Amino acid sequence: MATQLTLVVAMDAARGIGVDNQLPWHLPEDLAHFKRVTLGKPIIMGRKTFDSIGRPLPKRRNIVVTRNAGWTHEGVEVAHSLEEAIAMVGEDAASIIGGAQIFAAAMEVADRMIVTHIDKVYPCDTFFPEIDAGRWTATAREPQHAAEGDLDFSFVTYERTT
């Protein structure tokens, strides 16, 4: 059985995912959802994403992809390509959590995406790739509302169709 790879991302209405290496919004409901989806699984991320988080996420195997051959961090496994990171997880289901370069490469090999679509546009300098409707089908949508900030958003699951 092949590894099941799931991209886990939150994006605004213009596909923005970050600004200055940080999330441009404060959405506790999405952070709780992210934790539920990724807990107990290997997570694969780029080094900039790891730097923005600042620490290994607990109760998850943290794999960081970096081109820097000398980069290390306690509690983290290092891979030097997305392919190497995927090989490291073997047959375990894994979550790919960013950033933009990792997402763009992973969309070619991922089976599923769990996307938090936020119904607002934020100032962003980093964007998620276009979701090709010919390759991805939304199979579940859970509308949400955050009282703080009066914000609508949805948790949407996409499955690869081709």
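The structure we're discussing is the one just above.
Residues numbered from 1 in each chain as written. Predicted model: local features only at pLDDT ≥ 70, side-chain atom pairs only at ≥ 80, totals over all residues. Heavy atoms only, no water.

Q: Help me out: how do you make sense of the side chain of Thr66 in this one?
A: With respect to the helices and strands, the residue Thr66 is situated in the loop between β4 (61–65) and β5 (77–79). Within the local environment of Thr66, its side chain forms a polar contact with the backbone nitrogen of Asn68, the two atoms lying 3.1 Å apart. Ignoring any residue separated from it by four or fewer positions in sequence, one finds Thr66 in contact with Arg47, Trp71, Val78, Ala79 and His80. (Helix = DSSP H or I, 4+ residues; strand = E, 2+ residues; numbered from the N terminus. Polar contact = N/O pair within 3.5 Å; in protein donor to acceptor, adjacent residues only side chain to side chain. Contact = heavy atoms within 4.5 Å.)

Q: Hey, could you run me through the nonpolar core in this one?
A: Nonpolar side chains in soluble globular proteins generally cluster together in the buried interior. The biggest cluster of nonpolar side chains holds 27 residues, and the ones touching the most others in it are Leu7, Ile44, Ile96, Met113, Phe128 and Ile131. At the level of elements, β1 (5–11), β4, α3 (82–89), β6 (94–96), α4 (100–106), β7 (112–118) and β10 (151–160) are the ones that each hand at least two residues to this core. Counting 12 residues, the second-largest nonpolar core is a separate cluster that includes Phe34, Met45, Val64 and Trp71. (Core = buried A, V, L, I, M, F, W, Y, C linked by side-chain atoms within 4.5 Å. Buried < 20%, exposed > 50% of the residue type's maximum accessible area, 1.4 Å probe, protein only.)

Q: What's the story with unusual backbone geometry in this structure? I'm lost.
A: Glycine aside, residues mostly have negative phi angles, and peptide bonds mostly take the trans form. The residue after Gly98, namely Gly99, is reached through a cis peptide bond having omega 0°. Unlike most non-glycine residues, Arg15 shows phi in positive territory, near 70°. Checked against the element boundaries, Arg15 lands in the loop between β1 and β2 (16–18). Phi at Asn21 takes a positive value of approximately 60°, unusual for a residue other than glycine. Structurally, Asn21 can be placed in the loop between β2 and α1 (28–38).

Q: Would you mind going over the pattern of salt bridges with me for this structure?
A: Charged atoms that come close allow side chains of opposite charge to pair. This structure, assessed with the given rule, holds 5 salt bridges. Across the salt bridge formed by Glu130 and Arg15, the nearest N and O atoms sit 3.3 Å from each other. Here Arg15 lies in the loop between β1 and β2 and Glu130 lies in the loop between β8 (126–127) and β9 (136–146), a separation of 115 residues in the sequence. The closest approach of N and O atoms between Glu159 and Arg112, which form a salt bridge, is 3.9 Å. Of the two residues, Glu159 is situated in strand β10 and Arg112 in strand β7; the sequence distance between them amounts to 47 residues. Since its relative accessible area comes to 29%, Glu159 is described here as partly exposed. Note on Arg112: relative accessible area 22%, which makes it partly exposed. (Salt bridge = Lys/Arg side-chain N within 4 Å of Asp/Glu carboxyl O.)

Q: Explain the sheet that holds β7 here, please?
A: In a beta sheet, neighbouring strands pair by backbone hydrogen bonds and run either parallel or antiparallel. Strand order in the open sheet formed by 8 strands is β5-β4-β3-β6-β1-β7-β10-β9, with mixed pairing between adjacent strands. Looking at the sheet topology across the chains shown, the edges are occupied by β5 and β9. Pairwise comparison of adjacent strand axes, ignoring direction, gives a mean angle of 20° for this sheet. Bridge count between β1 and β6: 3 bridges; the pairing is parallel. In the strand pairing of β6, Leu7 is matched with Ile96. The strands that α1 touches are β1, β3 (42–46), β6, β7, β9 and β10; relative to β10, the one it contacts most, it runs at about 25°. Across the face of the sheet, α3 comes into contact with β1, β3, β4, β5 and β6 while running at roughly 160° to β4. (Pairing = 2+ DSSP bridges. Axes fitted to C-alpha atoms, helices over the stretch in contact; angles between N-to-C directions.)

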